[in-house]
Amino acid sequence: MLPKKPLVGIIMGSSSDSKIMHNAAKILDDFGIIHEDQIVSAHRTPTRLEEYAKHAEKNQFRVIIAGAGGSAHLPGMIASHTIIPVIGVPIMVYNDKSDKKSEFKFSAFGGMDSLLSIVEMPNGSPVATVGVNKAANAGLYAAKILAAEFTELKSKLKRFKEKQHQSVLAESDDLKKNGLSKFVQKKFK
Ligand code: RP5
């Protein structure tokens with residue numbers, strides 16, 4: 001039985017990351033995995049970062065999902081403070097908090113900055129990294145890690161795969177039946 005306490009800690013560098021990071025929460029919710037969500041900034045709240053790592057260990061989180069944009073040192077720094085596996089989500093910064101006309105609304109490198117910061121952790125503090133803004137994949141990967149301990153997740157993951165398979169078949173049948181032109185009109189109009 002999955003315990004009624006958080007197994008996954010989701011953290012993000014800023015509230016502006018929440019619009020992407022909620023996709024990790026959604027997947028965990030779908031699988032019935034309880035998670036605890038917080039904002040921890042590696043550069044605005046550096047001491048809190050270390051405290052958070054201790055909190056995660058004390059509460060026996062099995063996985064930490066950490067999302068950040070820009071230079072994105074949060075996932076790597078958390079990984080350096082704990083033995084809990086960290087999944088990093090590189091975020092393409094889209095900062096609604098700054099003025100609408102600001103030239104700093106997007107990160108200069110469109111997410112490549114965060115991707116490289118997170119994935120290129122030097123030997124010793126690995127961060128398993130998903131694609132830019134792919135928070136849902138981080139949730140899914142966490143479920144796969146947890147399935148080694150909580151076997152009910154294995155059947156849930158198999159059902160998830162089967163559903164994906166069936167949805168592609170249904171779309172393909174529709175495409176075959178209607179032909180490409182009609183299919184596109186119907187689906188994307
Ligand atoms: C990073 O800076 C955060 O992870 C966020 O993606 C980015 C921008 O933060 P805000 O300026 O929107 O708070 O630390």
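Under the annotation held in an unreviewed UniProt entry, the protein chain carries the name N5-carboxyaminoimidazole ribonucleotide mutase and is attributed to Candidatus Nitrosotenuis cloacae. Per its UniProt entry, the protein chain bears the Pathway (unreviewed entry) comment "Purine metabolism; IMP biosynthesis via de novo pathway; 5-amino-1-(5-phospho-D-ribosyl)imidazole-4-carboxylate from 5-amino-1-(5-phospho-D-ribosyl)imidazole (N5-CAIR route): step 2/2." Of the protein chain, the UniProt comment under Function (unreviewed entry) reads exactly: "Catalyzes the conversion of N5-carboxyaminoimidazole ribonucleotide (N5-CAIR) to 4-carboxy-5-aminoimidazole ribonucleotide (CAIR)."

Draft legend 1. Main features of the overall build of the protein chain. Scanning the protein chain from terminus to terminus reveals 7 helices and 5 strands. Going from the N terminus to the C terminus, the protein chain shows its helices and strands as β-α-β-α-β-α-β-α-β-α-α-α. For the protein chain, the spread of C-alpha atoms along the principal axes amounts to about 60 × 50 × 30 Å. In the protein chain, buried positions account for 39% of the 189 residues. Within the protein chain, counting contacts between residues at least 6 apart in sequence, those at least 24 apart form 66% of the total. Each charge class in the protein chain was averaged separately, 27 positive and 19 negative side chains, and the resulting centres sit 7 Å apart.

Draft legend 2. Structural context of the sheet that holds strand β4 (residues 86-91). Strand order in this open sheet of 5 strands is β2-β1-β3-β4-β5, and the pairing throughout is parallel. The open sheet has two edge strands with one neighbour each: β2 (35-39) and β5 (128-129). Pairing analysis gives 5 bridges linking strand β1 (residues 8-12) to strand β3 (residues 63-69), with the strands arranged parallel. Counted as the bridge partner of M12 is G67 from β3.

Draft legend 3. Expanded view of the site of the ligand. Taken together, 11 residues form the shell around the ligand, and within it S14, S16, D17, H43 and R44 come nearest. A distance of 2.6 Å is found between an oxygen atom of the ligand and a side-chain nitrogen or oxygen belonging to S16. For the ligand, an oxygen atom lies 2.8 Å from a polar atom in the side chain of R44. Compared with its free state, where it exposes 360 Å², the ligand has 87% of that area covered by protein. Of the residues assigned to the shell around the ligand, the class counts are 2 nonpolar, 6 polar and 3 charged.

Draft legend 4. View of unusual backbone geometry. Positive phi outside glycine occurs at Q60, with the angle close to 55°. If you check the backbone angles, N133 has positive phi at about 65° while not being a glycine.

Draft legend 5. Highlighting the nonpolar core. Among the nonpolar cores identified, the biggest contains 29 residues, and V8, I10, I33 and I65 are the most heavily contacted of them. For this core, the elements supplying multiple residues, two or more each, are β1, α1 (18-30), β3, β4, α5 (135-147) and α6 (152-178). No other element matches the 7 residues that α5 contributes to this core. Ignoring any residue separated from it by four or fewer positions in sequence, one finds I65 in contact with V8, G9, I10, I11, M21, A24, L28, I87, V89, A138, G139 and A142. Counting 19 residues, the second-largest nonpolar core is a separate cluster that includes A42, Y52, A56 and A72.

Draft legend 6. The domain arrangement of the protein chain, seen in detail. Here the protein chain is described as being made up of domain 1 (8-149) and domain 2 (152-187). Between domain 1 and domain 2, the C-alpha centre-to-centre distance is 30 Å. At the interface, 9 residues of domain 1 touch 6 residues of domain 2. Buried surface at the junction of domain 1 and domain 2, summed over both partners, amounts to about 660 Å²; 82% is from carbon and sulfur atoms. Three residues stand out in domain 1 for area buried against domain 2, namely F31, K144 and A147, and they jointly supply 66% of the buried area on that side. Inspection of the domain 1/domain 2 interface yields 0 salt bridges. Counting the contacts that link domain 1 with domain 2 gives 1 residue pair in polar contact (both at pLDDT 80 or more). Examining the composition of the side of domain 1 that touches domain 2, we find that 5 residues originate from one element, α5, more than from any other.

The rules we used
- Numbering of residues starts from 1 in every chain and runs along the sequence as written.
- Owing to the predicted nature of the model, reporting of local features is limited to residues with pLDDT of at least 70; listing and counting of side-chain atom pairs is limited to 80 or more, with chain, interface and lining totals taken over all residues.
- The basis for every side-chain value is the complete set of heavy atoms in the structure, and neither hydrogens nor water enter the calculation.
- UniProt positions are given in the numbering used here, feature names are shortened, and annotations may be inferred rather than shown by experiment.
- Segments assigned H or I by DSSP are reported as helices when at least four residues long, segments assigned E as strands when at least two residues long, and all are numbered from the N terminus.
- Burial here depends on accessible area, computed with a 1.4 Å probe over protein chains only, as a share of the maximum for the residue type. Under 20% is buried, over 50% is exposed, and the range in between is partly exposed.
- Should any heavy atoms of two residues lie within 4.5 Å, those residues are counted as being in contact.
- This count recognises Lys and Arg as positive and Asp and Glu as negative, with His and chain-terminal groups excluded.
- Lysine's charge is taken at NZ, arginine's at CZ, aspartate's at CG and glutamate's at CD.
- Here the rule is simple: two strands pair whenever DSSP picks up at least two bridges between them.
- Nearness of a residue to a molecule or strand requires only that one of the residue's heavy atoms be within 4 Å of it.
- Residues adjacent in sequence count toward polar contacts only when both atoms are side-chain atoms; beyond that, a polar contact is any pair of N or O atoms within 3.5 Å, and within protein one must be able to donate a hydrogen and the other to accept it.
- Working definition of accessibility: Shrake-Rupley area with a 1.4 Å probe, residue cover restricted to the visible protein chains.
- Residues were grouped as follows: Ala, Val, Leu, Ile, Met, Phe, Trp, Tyr, Cys and Pro as nonpolar; Asp, Glu, Lys and Arg as charged; and all remaining residues, including Gly, as polar.
- Put simply, buried Ala, Val, Leu, Ile, Met, Phe, Trp, Tyr and Cys residues joined by side-chain atoms within 4.5 Å make one nonpolar core.
- Note that domain bounds follow an automatic or database assignment of domains.
- The term buried area denotes the loss of accessible surface (1.4 Å probe radius) that occurs when two parts are joined, taken as the sum for both partners.
- By convention in these notes, a salt bridge is any Lys or Arg side-chain nitrogen within 4 Å of a carboxyl oxygen on Asp or Glu.

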